[in-house]
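An overview of the molecular structure
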Amino acid sequence: MGMPKIRVWSSIAIATRVIAAALMWRSHLLLPTSVSRRASVSRPPTPDADEEMEPEPTLQEIINIKLIESGEKERLKELLRERLIECGWRDELKAQCRAFTRKKGRGNITVDELVRTITPKGRAMVPDIVKAELLQRIRTFLMTDSS
């Protein structure tokens, strides 16, 4: 059978001590003789417990978390899809994608390049009324959620 657990643990402890002693001996040889051992340790001060905490989430992150947890974010996304289709935004964006693809040549364009080019145009084309409706829905959600 195998070694008893006591022997295994004591063997590991001995090996650990031997390695630690060897490292200490080696580092001692590398230190200049004029520098004492204590002076060679240059550690920054131990941070306070408050400093180790993660930074506070921003207001935008808090709102996003609340929207996701409540399921409201999915409902808002669905509303946005519906409104953009109703106002013709989707069809207009498709046409711009096709025109850009024809201009560059189908084989000479990547999806990343298309997205990089069309995204700013698409954002600018979203009607103000759609933006205002979504903003109002978010405000209403936050007012009812905070009460």
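Check the entry above for the structure.
Keep in mind that this is a model prediction, so the values were computed, not measured.

About the thresholds
Residues numbered from 1 in each chain as written. Predicted model: local features only at pLDDT ≥ 70, side-chain atom pairs only at ≥ 80, totals over all residues. Heavy atoms only, no water. Salt bridge = Lys/Arg side-chain N within 4 Å of Asp/Glu carboxyl O. Helix = DSSP H or I, 4+ residues; strand = E, 2+ residues; numbered from the N terminus. Buried < 20%, exposed > 50% of the residue type's maximum accessible area, 1.4 Å probe, protein only. Axes fitted to C-alpha atoms, helices over the stretch in contact; angles between N-to-C directions. Left-handed = near helix turned anticlockwise from the far one by under 90°. Contact = heavy atoms within 4.5 Å. Nonpolar A, V, L, I, M, F, W, Y, C, P; charged D, E, K, R; others polar. Parallel < 35°, antiparallel > 145°, perpendicular 65-115°, else oblique. Expected span 1.5 Å × (residues − 1). Arc of directions from axis to C-beta. Core = buried A, V, L, I, M, F, W, Y, C linked by side-chain atoms within 4.5 Å. Domains from an automatic or database assignment.

Points about the pattern of salt bridges
For the coordinates displayed, the defined rule picks out 7 salt bridges. The salt bridge involving E74 is made with K77; its shortest N-O contact spans 3.5 Å. Pair noted here: E74 and K77 are both in helix α5 (residues 72-86), with a separation of 3 residues, about one helical turn. Among the residues examined, K77 registers a relative accessible area of 36% and is labelled partly exposed.

Re the packing of helix α6 (residues 89-104) against helix α7 (residues 111-125)
Axis angle and axis distance: for two packed helices, these are the angle between their axes and the distance between the axes, and together they describe the pair. Following both chains from N to C, one finds α6 and α7 inclined at 145°, their axes separated by 10 Å at the closest point. Considering only the axes of α6 and α7, their crossing is right-handed. Seen from α6, the contacting residues are W89, E92, L93, Q96, C97, F100, T101 and K104; seen from α7, they are E113, L114, T117, I118, K121, G122 and M125. Residue composition of the contact of α6 with α7, by class: 7 nonpolar, 4 polar and 4 charged.

Let's talk about the packing of helix α4 (residues 59-70) against helix α8 (residues 128-146)
Running from amino to carboxyl end, α4 crosses α8 at an angle of 85°, the nearest separation of the two axes being 11 Å. Relative to α8, the element α4 is oriented roughly perpendicular. Contacts between α4 and α8 involve I63, K66, L67 and S70 from the former and F141, L142 and D145 from the latter. Of the residues in the contact of α4 with α8, the class split is 4 nonpolar, 1 polar and 2 charged.

Points about α5
Taking 1.5 Å of rise per residue, the 15 residues of α5 would be expected to cover 21 Å, and the 21 Å separating its terminal C-alpha atoms lies within 8% of that figure. Buried within α5 are the following residues: E72, L76, L79 and L84. In a view along the axis of α5, the buried residues occupy a sector of 130°, so they form one face of it. Looking at the packing, one finds that the buried side of α5 touches α4, α6 and α8. Two residues or fewer after α5 comes G88, characterised by a positive phi angle close to 85°.

Concerning the nonpolar core
L84, W89, V126, V130 and L134 are the most contacted members of the largest nonpolar core, which has 13 residues in total. Residues lining this core come from more than one domain, with at least three contributed by each of domain 1 (58-87) and domain 2 (88-127). Discounting residues that sit within four places of it in the chain, V126 has contacts with L84, W89 and K131.

Structural notes on α8
For an α-helix, 3.6 residues make a turn, and residues three or four places apart therefore share a direction. Its 19 residues give α8 an end-to-end C-alpha distance of 27 Å, which sits within 8% of 27 Å, the value for a rise of 1.5 Å per residue. Every buried residue of α8 is accounted for by V130, L134 and F141. Seen along its axis, α8 keeps its buried residues to an arc of 30°; they face one direction. Across α8 from its buried face, at more than 90 degrees, point the exposed residues D128, I129, M143 and S146.

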